[in-house]
Amino acid sequence: MEVSVTINGAVESLGEGSTVLDVLSAKKARPEMMAVEVNGELLRKDDYGVTALKDGDSMEFLPYMAGGRGSS
Amino acid sequence: MHGSDSLIFPQALRDRVLAHALSEAPREACGILGGRDSVVEAVFEIVNADSSNITYMMEPKEQFRVIKQLRHLDMEMVGIYHSHPATEAYPSPTDRKLAFYPEAFYVIVSLEDSGNPLMRVFRMNEGAVSEGVLIL
(Lines give C-alpha, C1' and ligand atoms only; values in the text may rest on other atoms or scores of the structure.)
Protein backbone atom coordinates (compact mmCIF):
# COMPACT_ATOMS: atom_id res chain seq x y z
CA MET A 1 0.00 0.00 0.00
CA GLU A 2 1.37 3.40 -0.94
CA VAL A 3 0.44 6.94 -0.03
CA SER A 4 0.72 10.03 -2.18
CA VAL A 5 2.57 12.92 -0.54
CA THR A 6 3.64 16.28 -1.96
CA ILE A 7 7.28 16.81 -1.07
CA ASN A 8 8.80 20.21 -1.81
CA GLY A 9 6.08 20.79 -4.37
CA ALA A 10 6.31 17.46 -6.21
CA VAL A 11 3.91 14.56 -5.70
CA GLU A 12 5.65 11.34 -4.66
CA SER A 13 4.54 7.85 -3.67
CA LEU A 14 5.74 6.54 -0.33
CA GLY A 15 5.25 3.29 1.49
CA GLU A 16 2.48 3.42 4.03
CA GLY A 17 3.83 4.39 7.44
CA SER A 18 6.84 6.27 6.05
CA THR A 19 8.00 8.93 8.47
CA VAL A 20 9.51 12.33 7.91
CA LEU A 21 12.85 10.87 8.95
CA ASP A 22 12.49 8.13 6.32
CA VAL A 23 12.00 10.77 3.64
CA LEU A 24 14.99 12.80 4.79
CA SER A 25 17.16 9.69 4.85
CA ALA A 26 16.04 8.64 1.38
CA LYS A 27 16.96 12.07 0.08
CA LYS A 28 20.29 12.06 1.89
CA ALA A 29 19.28 15.17 3.84
CA ARG A 30 20.92 15.43 7.26
CA PRO A 31 18.05 15.81 9.75
CA GLU A 32 20.00 18.03 12.13
CA MET A 33 20.40 20.63 9.38
CA MET A 34 16.81 20.53 8.17
CA ALA A 35 13.75 22.56 8.96
CA VAL A 36 10.61 20.57 8.20
CA GLU A 37 7.03 21.58 7.71
CA VAL A 38 4.13 19.14 7.37
CA ASN A 39 0.85 20.58 6.17
CA GLY A 40 2.10 24.08 6.93
CA GLU A 41 3.15 23.36 10.50
CA LEU A 42 6.78 23.39 11.62
CA LEU A 43 7.86 20.10 13.07
CA ARG A 44 10.11 19.62 16.10
CA LYS A 45 13.22 17.59 15.38
CA ASP A 46 12.23 15.07 18.03
CA ASP A 47 9.11 14.32 16.00
CA TYR A 48 10.80 13.59 12.65
CA GLY A 49 11.05 9.87 13.42
CA VAL A 50 7.53 9.50 14.78
CA THR A 51 5.57 11.54 12.27
CA ALA A 52 4.12 9.21 9.66
CA LEU A 53 3.01 10.82 6.43
CA LYS A 54 -0.54 10.22 5.32
CA ASP A 55 -2.10 10.19 1.90
CA GLY A 56 -2.54 13.79 0.71
CA ASP A 57 -0.04 15.30 3.15
CA SER A 58 2.33 18.04 2.10
CA MET A 59 5.90 18.03 3.42
CA GLU A 60 8.49 20.74 2.90
CA PHE A 61 12.08 20.55 4.04
CA LEU A 62 15.13 22.70 3.56
CA PRO A 63 18.45 23.32 5.24
CA TYR A 64 18.57 26.13 7.76
CA MET A 65 19.89 29.41 6.46
CA ALA A 66 22.21 30.77 9.09
CA GLY A 67 25.63 32.26 9.71
CA GLY A 68 27.03 35.61 10.64
CA ARG A 69 30.17 37.17 11.88
CA GLY A 70 30.07 34.65 14.71
CA SER A 71 32.26 36.09 17.44
CA SER A 72 32.24 39.31 19.40
CA MET B 1 31.85 25.02 -7.73
CA HIS B 2 28.33 25.35 -9.00
CA GLY B 3 27.14 27.62 -11.80
CA SER B 4 28.19 31.06 -12.85
CA ASP B 5 30.63 33.27 -10.95
CA SER B 6 28.64 36.42 -11.76
CA LEU B 7 25.48 37.62 -10.10
CA ILE B 8 23.46 40.20 -11.95
CA PHE B 9 21.93 42.37 -9.24
CA PRO B 10 20.02 45.46 -10.42
CA GLN B 11 20.80 48.64 -8.52
CA ALA B 12 17.26 49.20 -7.22
CA LEU B 13 17.20 45.73 -5.64
CA ARG B 14 20.72 46.11 -4.34
CA ASP B 15 19.63 49.37 -2.68
CA ARG B 16 16.81 47.49 -0.95
CA VAL B 17 19.28 45.07 0.58
CA LEU B 18 21.54 47.91 1.72
CA ALA B 19 18.55 49.72 3.24
CA HIS B 20 17.53 46.56 5.06
CA ALA B 21 21.04 46.10 6.44
CA LEU B 22 21.13 49.70 7.64
CA SER B 23 17.68 49.53 9.19
CA GLU B 24 18.57 46.42 11.21
CA ALA B 25 21.98 47.61 12.41
CA PRO B 26 23.57 46.92 14.84
CA ARG B 27 21.81 43.55 14.43
CA GLU B 28 22.55 41.38 11.43
CA ALA B 29 19.97 41.50 8.65
CA CYS B 30 19.19 38.56 6.38
CA GLY B 31 17.07 37.60 3.42
CA ILE B 32 16.62 35.66 0.21
CA LEU B 33 17.23 36.74 -3.37
CA GLY B 34 14.86 35.32 -5.94
CA GLY B 35 15.40 35.22 -9.68
CA ARG B 36 16.47 33.12 -12.61
CA ASP B 37 19.79 32.25 -14.24
CA SER B 38 21.95 34.23 -11.78
CA VAL B 39 19.82 37.36 -12.18
CA VAL B 40 18.20 38.82 -9.06
CA GLU B 41 14.57 39.72 -9.67
CA ALA B 42 13.19 39.97 -6.15
CA VAL B 43 14.37 40.61 -2.60
CA PHE B 44 12.67 38.94 0.36
CA GLU B 45 13.58 40.27 3.77
CA ILE B 46 13.51 37.58 6.46
CA VAL B 47 13.38 38.03 10.22
CA ASN B 48 16.64 37.16 11.94
CA ALA B 49 15.40 34.71 14.56
CA ASP B 50 18.62 35.25 16.52
CA SER B 51 18.06 39.03 16.67
CA SER B 52 21.80 39.24 17.16
CA ASN B 53 24.67 41.56 16.30
CA ILE B 54 26.93 38.61 15.44
CA THR B 55 24.76 35.82 14.03
CA TYR B 56 21.69 35.29 11.92
CA MET B 57 19.28 32.46 11.52
CA MET B 58 16.39 32.96 9.17
CA GLU B 59 13.03 32.38 10.78
CA PRO B 60 12.17 28.90 9.43
CA LYS B 61 8.50 29.63 8.84
CA GLU B 62 9.43 32.65 6.75
CA GLN B 63 11.98 30.58 4.85
CA PHE B 64 9.23 28.18 3.87
CA ARG B 65 6.87 31.00 2.96
CA VAL B 66 9.43 32.56 0.63
CA ILE B 67 10.50 29.26 -0.95
CA LYS B 68 6.85 28.47 -1.75
CA GLN B 69 6.38 31.96 -3.13
CA LEU B 70 9.42 31.54 -5.37
CA ARG B 71 8.01 28.24 -6.63
CA HIS B 72 4.71 29.95 -7.37
CA LEU B 73 6.53 32.72 -9.25
CA ASP B 74 8.58 30.15 -11.16
CA MET B 75 11.75 31.64 -9.70
CA GLU B 76 14.63 30.02 -7.92
CA MET B 77 16.59 31.09 -4.89
CA VAL B 78 19.61 32.64 -6.55
CA GLY B 79 21.10 34.06 -3.37
CA ILE B 80 21.12 34.44 0.38
CA TYR B 81 22.15 37.75 1.89
CA HIS B 82 23.13 38.93 5.31
CA SER B 83 24.97 41.82 6.89
CA HIS B 84 28.10 42.13 8.97
CA PRO B 85 27.37 45.34 10.87
CA ALA B 86 30.87 45.80 12.27
CA THR B 87 33.17 43.55 10.25
CA GLU B 88 34.31 43.05 6.70
CA ALA B 89 32.22 41.69 3.84
CA TYR B 90 33.87 38.29 3.86
CA PRO B 91 32.54 34.90 5.02
CA SER B 92 33.37 34.24 8.66
CA PRO B 93 34.12 30.73 9.95
CA THR B 94 30.48 30.63 11.10
CA ASP B 95 29.30 31.56 7.61
CA ARG B 96 31.40 28.83 6.06
CA LYS B 97 30.33 26.21 8.58
CA LEU B 98 26.63 26.94 8.04
CA ALA B 99 26.69 27.34 4.25
CA PHE B 100 24.40 24.54 3.11
CA TYR B 101 23.50 25.96 -0.31
CA PRO B 102 26.42 25.50 -2.73
CA GLU B 103 24.12 26.34 -5.63
CA ALA B 104 23.33 29.81 -4.24
CA PHE B 105 25.27 33.03 -4.14
CA TYR B 106 26.01 34.36 -0.67
CA VAL B 107 25.84 38.14 -0.60
CA ILE B 108 27.43 39.87 2.39
CA VAL B 109 26.97 43.55 3.22
CA SER B 110 29.54 45.18 5.47
CA LEU B 111 28.60 48.26 7.47
CA GLU B 112 32.07 48.46 8.99
CA ASP B 113 32.41 51.85 7.31
CA SER B 114 28.86 53.05 7.94
CA GLY B 115 29.18 55.87 5.45
CA ASN B 116 30.24 53.50 2.73
CA PRO B 117 28.47 50.12 2.93
CA LEU B 118 30.23 47.43 0.94
CA MET B 119 28.60 44.45 -0.75
CA ARG B 120 30.44 41.38 -2.00
CA VAL B 121 29.28 38.05 -3.34
CA PHE B 122 30.63 34.55 -2.78
CA ARG B 123 30.02 30.90 -3.40
CA MET B 124 30.59 28.58 -0.47
CA ASN B 125 30.84 24.84 -0.57
CA GLU B 126 32.05 22.58 2.22
CA GLY B 127 34.15 25.31 3.77
CA ALA B 128 35.66 26.55 0.53
CA VAL B 129 35.02 30.16 -0.49
CA SER B 130 35.29 31.74 -3.92
CA GLU B 131 34.42 35.32 -4.63
CA GLY B 132 32.05 36.12 -7.43
CA VAL B 133 31.38 39.24 -9.44
CA LEU B 134 28.46 41.58 -8.85
CA ILE B 135 27.07 43.07 -12.02
CA LEU B 136 24.59 45.93 -12.02
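Residues numbered from 1 in each chain as written. Chains lettered and ligands numbered in written order. Predicted model: local features only at pLDDT ≥ 70, side-chain atom pairs only at ≥ 80, totals over all residues.

*Asks:* Any details on the overall build of chain B? Residues and values, ideally.
*Replies:* In terms of helices and strands, chain B carries three helices and nine strands. Ordered by position from the N terminus, the helices and strands of chain B form the series β-α-β-β-β-α-β-α-β-β-β-β. Expected size for 136 residues packed as a compact globule is a radius of gyration near 14 Å; at 14 Å, chain B falls within 12% of this value. Counting only residues that meet the buried cut, chain B has 39% of its 136 residues in that class. The long-range share in chain B, meaning contacts at least 24 apart out of those at least 6 apart in sequence, stands at 63%. (Helix = DSSP H or I, 4+ residues; strand = E, 2+ residues; numbered from the N terminus. Rg over C-alpha atoms; globule rule 2.2 N^0.38 Å. Buried ≥ 20, exposed ≤ 12 C-beta atoms within 10 Å, placed from the backbone. Contact = placed C-beta atoms within 7 Å.)

*Asks:* Can you lay out the confidence of the model for chain B for me, pointing to particular residues and giving the numbers?
*Replies:* For chain B, the mean per-residue pLDDT works out to 95, and 98% of the residues sit at or above 70. Predicted complex metrics record ipTM = 0.88 and pTM = 0.92. (pLDDT = per-residue confidence, 0-100.)

*Asks:* Describe the environment of A:D22, and please don't skip the residues or the numbers.
*Replies:* The topology assignment puts A:D22 in helix α1 (residues 20-26). For A:D22, a count of 17 C-beta atoms within 10 Å translates into the label partly exposed.

*Asks:* Run through the nonpolar core, naming residues and quoting values.
*Replies:* Side chains of nonpolar character tend, in soluble globular proteins, to be buried together. Grouped together as the largest cluster of nonpolar side chains are 36 residues, with contacts concentrated most on B:L33, B:M58, B:Y81, B:F105, B:Y106 and B:V107. Within the residue set of this core, elements represented by two or more residues are α1 (11-24), β2 (30-36), β3 (39-46), β4 (56-57), α2 (60-72), β5 (76-84), β6 (105-110) and β7 (118-125) of chain B. (Core = buried A, V, L, I, M, F, W, Y, C linked by C-beta atoms within 7 Å.)

*Asks:* Please set out the interface of chain B and chain A residue by residue, giving values where relevant.
*Replies:* Taken residue by residue, the interface counts 25 residues in chain B and 17 residues in chain A. Mapped by element, the contributors of at least two residues to the side of chain B that touches chain A are β4, α2, β5 and α3 (93-97) of chain B. Looking at which element gives the most residues to the side of chain B that touches chain A, the answer is α2(B), with six residues. Among the residues forming the side of chain B that touches chain A, the class breakdown is 13 nonpolar, eight polar and four charged. Here strand β6 (residues 66-67) of chain A pairs with β4(B) via two bridges, running antiparallel. Paired with A:G67 across the strands is B:Y56, a residue of β4(B). (Nonpolar A, V, L, I, M, F, W, Y, C, P; charged D, E, K, R; others polar. Pairing = 2+ DSSP bridges.)

*Asks:* Give me the sheet that holds strand β4 (residues 41-42) of chain A: which residues, what numbers.
*Replies:* All names here are of chain A. As summarised here, the arrangement of the five strands in space is β2-β1-β5-β3-β4, forming an open sheet in which the pairing is mixed. This sheet does not close on itself; its edge strands, each paired only once, are β2 (10-15) and β4. Pairing between strand β1 (residues 2-7) and β2: six bridges, direction antiparallel. By the bridge assignment for β2, V3 is matched with L14.

*Asks:* Give me the lowdown on α2(B), citing residues and values where you can.
*Replies:* Helix length check: α2(B) (13 residues) gives 18 Å between terminal C-alpha atoms against 18 Å at 1.5 Å per residue, within 8%. Those residues of α2(B) that sit buried are B:Q63, B:V66, B:I67 and B:L70. Projected down its long axis, α2(B) shows its buried positions confined to an angular sector of 100°, all on one face. Elements in contact with the buried residues of α2(B): β3 (34-38) and β5 (58-63) of chain A together with β2, β3 and β5 of chain B. Looking one or two residues beyond α2(B), the residue adopting positive phi is B:D74, at roughly 60°. (Expected span 1.5 Å × (residues − 1). Arc of directions from axis to C-beta.)

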